[in-house]
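The chain contents come next:
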Amino acid sequence: MPAQAFAGKECVCALKKGICDQECVRDMLETNFYIACLKLSGRQSVVVGGGEVGLEKVEGLLACGGDVTVVAPEVCDEVASLATEGSIKWRQREYEPSDIETAFLVIAATNDTDVNIAVFNDAEARGKLANVVDVPPLCNFILPAITRTGPVAIAISTAGASPALAKRMKAEIADQFGDAYADLAVILNDARGWAKSTLPTYNDRKDFFESIVNGDPDPIELLRSGRASELHELIDKAQRAAEANLATQSA
């Protein structure tokens, strides 16, 4: 289990058992998490704690366009620099419940169990997304390992059982699904406007794009071998065929 939740260590969750017996995490591996991608641009995210772990979370939120506020009496140099340049806001004091009133998402990254519990309880009471780093019982969402290439993002979760395994899987998936997949996503997105304005039904559009993605020649192999022009020609041909078929049906 995560480093802050294992038998024999001081309890760090709301049960306050003194010494952890893992009761709070026994159902984690049986939990079916609802996987979603969050749009953070224009939304406020609050990180309580500004050390190295807090910095990691801040950088992840900023990479997704989040409006980030850090609450901590002291922060590491990198977090302080982000505040000085105006990339984040820094409330240089102890956490208060009012800090999360307007937040969409809250992350606690402190080494103070009581503060972490308070942040989680306050967030839960207000219906906020809340995550206490490395303490699954104090989370209503968890952060999977992410590999990104352009618009393609793949999330890997082991439900907190093994971050090391998730890291290995991330590396292997990144090798398998690289630039060609991101390039294909961009090219297919360019065709979405044509599809929406030309093909009358959802199934028509679905069939069109699946014929490209799963077609012969393989669009991924075309891109990997530097033959993008052939892929564009293939899409143009498919579009003309679809338009001709519609014309025949309406005749």
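Residues numbered from 1 in each chain as written. Predicted model: local features only at pLDDT ≥ 70, side-chain atom pairs only at ≥ 80, totals over all residues. Heavy atoms only, no water.

A. A look at a negative patch on the surface. Negative charge collects at one region of the surface, where Glu52, Glu59, Asp77 and Glu78 lie side by side. Residue assignment for the negative patch shows that the elements contributing at least two residues are helix 1 (52-63) and helix 2 (77-84). Overall, Glu59 belongs to the partly exposed group, its relative accessible area being 46%. (Patch = residues over 30% accessible without salt bridge, like charges linked within 9 Å, V, L, I, M, F, W, Y side chains within 5 Å. Areas by Shrake-Rupley, 256 points an atom, 1.4 Å probe, with all protein chains shown as cover. Salt bridge = Lys/Arg side-chain N within 4 Å of Asp/Glu carboxyl O. Lys, Arg positive; Asp, Glu negative; His and termini not counted. Charge placed at Lys NZ, Arg CZ, Asp CG, Glu CD. Helix = DSSP H or I, 4+ residues; strand = E, 2+ residues; numbered from the N terminus. Buried < 20%, exposed > 50% of the residue type's maximum accessible area, 1.4 Å probe, protein only.)

B. Local environment of the sheet that holds strand 2 (residues 67-75). If you walk across this open sheet you meet the five strands as 3-2-1-4-5, and the pairing is parallel. The open sheet has two free edges, formed respectively by strand 3 (89-91) and strand 5 (129-132), since each of these has just one partner strand. Direction aside, the axes of adjacent strands within the sheet are offset by 20° on average. The sheet contact formed by strand 4 (residues 105-108) and strand 5 spans four bridges and is parallel. Bridge assignment links Leu105 to a residue of strand 5, and that residue is Leu129. Against the sheet, helix 1 contacts strand 1 (44-50), strand 2 and strand 4, and its axis sits at roughly 165° relative to strand 1. (Pairing = 2+ DSSP bridges. Axes fitted to C-alpha atoms, helices over the stretch in contact; angles between N-to-C directions. Contact = heavy atoms within 4.5 Å.)

C. Up close: the packing of aromatic side chains. Scanning the model with the defined rule gives three aromatic pairs in all. An angle of 50° between the planes, with centres 4.9 Å apart, marks the rings of Trp194 and Phe208 as tilted. With Trp194 in helix 6 (residues 192-198) and Phe208 in helix 7 (residues 202-213), this residue pair connects regions lying 14 residues apart in the sequence. Summarising the burial analysis for this pair, Trp194 and Phe208 share the class buried. A centroid spacing of 5.2 Å and a plane angle of 80° characterise the contact between Phe208 and Phe209, whose relative ring orientation is edge-to-face. (Phe/Tyr/Trp six-rings, centres within 6.5 Å; stacked < 30°, edge-to-face > 60°.)

D. View of the environment of Arg168. By secondary structure assignment, the location of Arg168 is in helix 4 (residues 163-176). Spatially, the C-alpha atoms of Arg168 and Ile156 are 9.9 Å apart, while their sequence positions differ by twelve residues. A polar contact is formed between the side chain of Arg168 and the side chain of Glu172, at a distance of 2.8 Å. (Polar contact = N/O pair within 3.5 Å; in protein donor to acceptor, adjacent residues only side chain to side chain.)

E. The arrangement of helix 1 in detail. In a regular helix each residue adds 1.5 Å, so twelve residues correspond to 16 Å; helix 1 covers 17 Å between its end C-alpha atoms and thus fits that length. Burial in helix 1 covers these residues: Gly54, Leu55, Lys57, Val58 and Leu61. Looking down the long axis of helix 1, one finds its buried residues gathered within 165° of arc, a one-sided arrangement. The outward face of helix 1, more than 90 degrees from its buried face, is lined by the exposed residues Glu52, Glu56 and Ala63. On its buried face, helix 1 is in contact with strand 1, strand 2, helix 2 and strand 4. Following helix 1 by one or two positions, Gly65 adopts a phi angle in the positive range, close to 80°. (Expected span 1.5 Å × (residues − 1). Arc of directions from axis to C-beta.)

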